[in-house]
Amino acid sequence: MNRRFKILGIGMVLIGVSFLLAGGYSFLKVQEGYRSLAAFSAAQNVTLSYNEAGQLVDGGETAGAEEIMTLLTEDWGYAVNPADFDPNDPIVNTASEYMYEMATISSHVLHGTQTIVLEEPVEYNGETFAAGEHEFAVDGRYYADFNRSHPLEGPARGLAWSPTALALIGQLGVGTMTHSSLQMGLGLAAAFGAIGVTLLILGGGLVWAVRPEAEQVPVARPVIAPTAA
């Protein structure tokens, strides 16, 4: 029976070593990914703006940054990690920073105004829009919220949600997913390592528990002969 337990323990140790190797390999690949993402972000040189107190600002004002953060956390329901925002490292290279930059672009579009020029009067649903310039407020409209048939909303959609804005948001989304995937990979590497250590301890403990114990040599005790009365 002890031999079987010993074999089982050795097997657990070997499996534990395999998990440790898998965890180490995963950790190395994750670090490669972090370095690549950091190099890509540094090459783009997209940075966040902070004031002297280390607070996020937009247009030089903290109110603008707070409005962007509200859009990100409340309207979009994103769980921001405050540790991702470091005034000493303003380059956008973490998931929360990518999402914040995405919200920045979206906020500027949603609260912007577009100038529409009509070459001639246009009638739509009984309303006539005169030729010339018209200021159209986006007023929180996302791309799908515009009426494409409207003489002002239709052109305003393409100006507000331009290919450049949509492409930047898409690229930032890729950065967010990349960083989130790397974090998941780091967690997976830690899980592999924890399982490996656990198996090593259990397997090693099982081998130790069934080891043959040293035989104890009985201690001879002197026999005292009874004395004659």
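In what follows, the structure referred to is the one given above.
Residues numbered from 1 in each chain as written. Predicted model: local features only at pLDDT ≥ 70, side-chain atom pairs only at ≥ 80, totals over all residues. Heavy atoms only, no water.

### Looking at the overall build of the protein
Applicable threshold: Secondary structure elements follow DSSP: runs of H or I no shorter than four residues count as helices, runs of E no shorter than two count as strands, and numbering proceeds from the N terminus. Residue exposure (1.4 Å probe, protein chains only): buried if accessible area is under 20% of the type maximum, exposed if over 50%, otherwise partly exposed. A contact between two residues is defined here by any heavy atoms of the two lying within 4.5 Å.
Within the protein, the secondary structure is distributed over 5 helices and 4 strands. Secondary structure of the protein in N-to-C order comes out as α-α-α-β-β-β-β-α-α. By the burial criterion, 31% of the 229 residues in the protein qualify as buried. Put simply, of all contacts in the protein between residues at least 6 apart along the chain, 62% involve residues at least 24 apart.

### Structural notes on unusual backbone geometry
Of note in this structure, Asn-45 is not a glycine but carries a positive phi near 60°. Position of Asn-45 relative to the elements: it lies in the loop between helix H1 (2-44) and helix H2 (62-75). Judged by its relative accessible area of 53%, Asn-45 is exposed. The residue Asp-139 is not glycine, and still its phi comes out positive at about 55°. Along the chain, the position of Asp-139 falls in the loop between strand S4 (132-137) and helix H4 (153-160). In this structure Asp-139 comes out as exposed when scored by relative accessible area, which is 64%.

### Examining the environment of Phe-146
Looking at the element boundaries, Phe-146 is found in the loop between S4 and H4. Residue Phe-146 is classed as buried on the basis of its relative accessible area of 6%. C-alpha separation for the pair Phe-146 and Arg-157, spaced 11 residues apart in sequence, amounts to 6.3 Å. Apart from residues no more than four positions distant in its own chain, Phe-146 is found in contact with Phe-136, Val-138, Arg-141, Glu-153, Ala-156, Arg-157 and Trp-161.

### Focus: the nonpolar core
Formally: Residues belong to a common nonpolar core when they are buried Ala, Val, Leu, Ile, Met, Phe, Trp, Tyr or Cys residues joined through side-chain atoms within 4.5 Å.
Formed by 33 residues in total, the largest nonpolar core has its most connected members in Leu-48, Leu-56, Tyr-100 and Trp-161. Those elements that place two or more of their residues in this core are H1, H2, helix H3 (95-110), strand S1 (113-118), H4 and helix H5 (163-209). Considering each element in turn, this core owes the most residues, 8 residues, to H3. Beyond its immediate chain neighbours, meaning those up to four positions away, Leu-48 contacts Leu-56, Phe-85, Pro-90, Val-92, Glu-97, Tyr-100 and Glu-101.

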